[in-house]
Structure formats: C-alpha cells, structure tokens
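Listed here are the chains, written in short residue letters.
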Amino acid sequence: MIQYNFPTVLFYGADSLIALTPAIQKIGLEGLLLVTDPGLVKTGLADSVRNTLTSSDLNIDVFDGVHPNPIEKDVTNGVEVYLSGKYDGIIALGGGSAMDVAKTIRFMAVHDPPLAQYDDTMGGDAKIINPMPPLYAIPTTAGTGSEVGRSSVITLKETGRKTIFFHPGLMPDIAVLDPKLTVGLPPKITAATGMDAFTHCVEAYLVDSFHPMADSLAVEGMKMILESLPVVMDEPGNLEARGQMLLAAAMGATAFQKGLGMIHSMAHPLSAEFNIHHGLANALLIKFGMEFTLANALEKPNQVLLEKLKLICNIISKSTTEDVSLLPENLSNFIKNLGISPELKQHGILPSHIPDLAQLAFEDSCHATHPFPVTLEDFHAVYTRAL
Ligand SMILES: [Fe+2]
C-alpha cells in the first residue's frame, strides 16, 4: 500500500484573498491570530491583509515575532499570545518562516511543552494527537510551498539544530495563492525563493520511489519555474507570471512528499550556521549537487536516474536532444541570469568551515531519499567544489 497525499484547498488568482473571509465565517470563527514577520508589518502588507480580511464579525490581531530562520522562542511567544486572547483560528502570512511558526503554534496551542518531544526524527509525530485550531495560509513568496505542506522546521533552543515537526494535521485548511501579494517581493528574494521551489521539484523528481502523480507535478513545476522566474525578474508586476510561480511552488512542495535529497541536506547547515537564506543556499549548491549526482549515475551506470537527469537537462535547455553532460553548466547559466553568483566563498564560507558543514549535512535527514547513498566524504567534496 502506498499513501498519496494531495494538497489543501487552494484559492488561486489575483484578489483571491477576498474570498477567504466568507470561507472563514462559514465555519463560525470569530477571532484569528495572524502570524507574520516584522518585515511584512514594516512594508504595510500585514495591515493591508488584516484590513481586507477583517469584518464586523471577524477580529484579527497581528503577531509578528517570527525570525527569518525561526527559533523556538518565536513559537513559545506565539502560543502565549494565542492562548491569552479570544482566538479560534490562525492565519499564516509570509514566506516559509511565518508558515512554519504558525503551523507549530497551531499544534503547540493544544499540546504540552517542551517542543523538542515532537521532533519528527524521534517519532514525535505520534505525540501530536489533539484536535488543532483551523489554519489559513497566505504565502507572500513563491518558494517553500509550506502552505500545502505537512511539516514545519524550527531551530530548537537546546540543540541549536533545525528540527522538523510533521503531522498531516499541520496542513493548512485553505491556502490563498494571490499573486498581488508577491509583486512587492525584492528581486533577490524572488530569485532565491524561486530557486527553492525549483530545487524541490528537481529533488522530489529524482527520489527513487513509485509516485507518478508527484513526478508529474515536479516536472510541470520545473517547466513553469524555468518559464516564469525570468519573467518576474524582468517584470516584477507581471501577475500572470507571479501566479505561475505561486502555483509551481505549491506543486514542488506537494511533490516533495516523496522526499528531497542531498542539496537540501547541504543547504540546511548553510542557513543554520551562516544565516544564508534557504532558497539562496539551494541556488548556490544545486549545480554542484547535480554535477555529483550525474557523475554517479554515469559511473554506476544507473539508467533510471540517468533518464531523469536527461529529462531535467532537456527541460532546462528547452530542447529534446541536449547532451546530459551540459546539465550542470546550463543550470548554472540559468542561476547566473537571475543575478546569483554561485560561489560559497562570496557568502563568507571558507575551506576551514567545510568539515563541520559536511558533518551537519551528513546528519541531516533529507539525503535519506537521495537516489543513492551519500557519504560524509561526498559532502566534503561537493562543498569544496561549491566554494
Ligand atoms: Fe526547500
């Protein structure tokens, strides 16, 4: 038996935000805590969304205690605010960080601390048993796809490690994919988050398990990102392309229910140790992860993996006969055209940092579904290439 999970209800299109209030009121909710980050309060977007959603029967308050790489304290503070007010639901507004904090507040509002006991890698999901308040997700970036995901990632105080929490109940009830909310995204964040979505599609597709439904979403997601990401970089106000990116991000995240791979394992320590944006970390590593994966597929040889890499190569070069050996280079050109220079040393990483980074990547759970085993030495070698 294989279990396939498909997303939450999606409201898609310009001004689809307006449809959320009636949907919330339909189930009788009266007070919602809107979880967001200080950046969105500063730009005025949090207030604008709050005003759009608020009605005479629906009160919404803003909680903006979310760090870019969220920490346990964000959750503890959020739970305290949620429990001290008259709230019967949660809205997540922002990128992956706001989504992750909102999801974690959602289950910690009805479960006992400490948060560490719910760590998914320690079987903590089995302890998430109580009914949770409704959650509505409004992404303002097109990247993590966390709005359709069943997990959250929070750095625990005790270990300092990014820790995954997972439960089907963490999936938002409704996700609003309104491209008007992503037009203000700065170019660097647009590029980085877009590359996160692209990496999700690539890594999910490469996972060696039988899931043709997720594979289809991953392949289509790649095509949409390759088409639309350069457009939104050139025309930030293009709602059509912004919408395509939002959908592709949700598709990538739906596809990665198959799992991810070594690129995400290597990206996580770059964020945790050097505060590098998660999407940027993927963008800096994907060329080298693919180069290594291709070399392995050719050496074995692994025909199934090779065919998948050929397909990705053809999608990137918009060809049907591209030489697969050009995959890393073509990928690198795409990334450079987004204004990202793919060298770790330009982001503060020195050769002396590599042993620790490699160890952390090796301990990260994402590479468990890489299409072949990746060793500590492999991580060391790929980080070194990426310098
Ligand atoms: Fe990611």
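Residues numbered from 1 in each chain as written. Predicted model: local features only at pLDDT ≥ 70, side-chain atom pairs only at ≥ 80, totals over all residues.

## Describing the overall build of the protein chain
Right, on to step 1. In terms of regular secondary structure, the protein chain is built from 14 helices and eight strands.
Right, on to step 2. Against the compact-globule benchmark of 21 Å for 387 residues, the protein chain has a radius of gyration of 20 Å, which places it among compact chains.
Right, on to step 3. On the principal axes, the C-alpha backbone points of the protein chain span a range of 65 × 45 × 45 Å.
Right, on to step 4. By residue count, 51% of the 387 residues in the protein chain fall in the buried class.
Right, on to step 5. Within the protein chain, contacts between residues at least 6 apart in sequence are counted, and of these 77% link residues at least 24 apart. (Helix = DSSP H or I, 4+ residues; strand = E, 2+ residues; numbered from the N terminus. Rg over C-alpha atoms; globule rule 2.2 N^0.38 Å. Buried ≥ 20, exposed ≤ 12 C-beta atoms within 10 Å, placed from the backbone. Contact = placed C-beta atoms within 7 Å.)

## Observations regarding the pairing of strand β5 (residues 135-139)
Right, on to step 1. Counting buried residues in β5 gives five out of five residues, a clear majority hidden from the surface.
Right, on to step 2. Of the two faces of β5, the one lined by Leu135, Ala137 and Pro139 and the one lined by Tyr136 and Ile138 are each fully buried.
Right, on to step 3. Here strand β4 (residues 89-94) runs beside β5; their pairing, made up of five bridges, is parallel. Across the sheet, Ile91 pairs through a bridge with Tyr136, a residue of β5.
Right, on to step 4. Chirality of the crossover, the property in question, places the unit of β4, helix α5 (residues 96-108) and β5 among those that are right-handed. (Pairing = 2+ DSSP bridges. Right-handed = clockwise from strand over helix to strand, strands pointing away.)

## Brief notes about the domain arrangement of the protein chain
Right, on to step 1. What the domain assignment reports for the protein chain is domain 1 (9-181) and domain 2 (187-386).
Right, on to step 2. Distance from the C-alpha centre of domain 1 to the C-alpha centre of domain 2: 26 Å.
Right, on to step 3. Contacts between the two partners involve 25 residues from domain 1, matched on the other side by 25 residues from domain 2. (Domains from an automatic or database assignment.)

## Some thoughts on the sheet that holds strand β2 (residues 31-35)
Right, on to step 1. Read across the sheet, six strands follow the order β1-β8-β5-β4-β2-β3 without closing on themselves; strand pairing throughout is parallel. Each edge of the open sheet is held by one strand with a lone partner, namely β1 (9-12) and β3 (59-63). The sheet shows a mean angle of 20 degrees between the axes of neighbouring strands, taken without regard to direction.
Right, on to step 2. Those strands touched by α5 are β2, β4 and β5, and its axis lies near 165 degrees from that of β4.
Right, on to step 3. The sheet strands contacting helix α8 (residues 239-255) are β1, β5 and β8 (174-177), and the helix crosses β8 at an angle near 150 degrees. (Axes fitted to C-alpha atoms, helices over the stretch in contact; angles between N-to-C directions.)

## Focus: the nonpolar core
For soluble globular proteins, nonpolar side chains are generally found buried alongside one another.
Right, on to step 1. In terms of nonpolar packing, the biggest core is built from 122 residues, with Val35, Ile91, Ala92, Ile105, Ile138 and Cys201 touching the most fellow members.
Right, on to step 2. Both domains that furnish three or more residues to this core are identified here as domain 1 (9-181) and domain 2 (187-386).
Right, on to step 3. Setting aside chain neighbours within four positions, we find Val35 in contact with Phe63, Val66, Gly78, Ile90, Ile91, Ala92, Ala98, Val101, Ala102 and Ile105. (Core = buried A, V, L, I, M, F, W, Y, C linked by C-beta atoms within 7 Å.)

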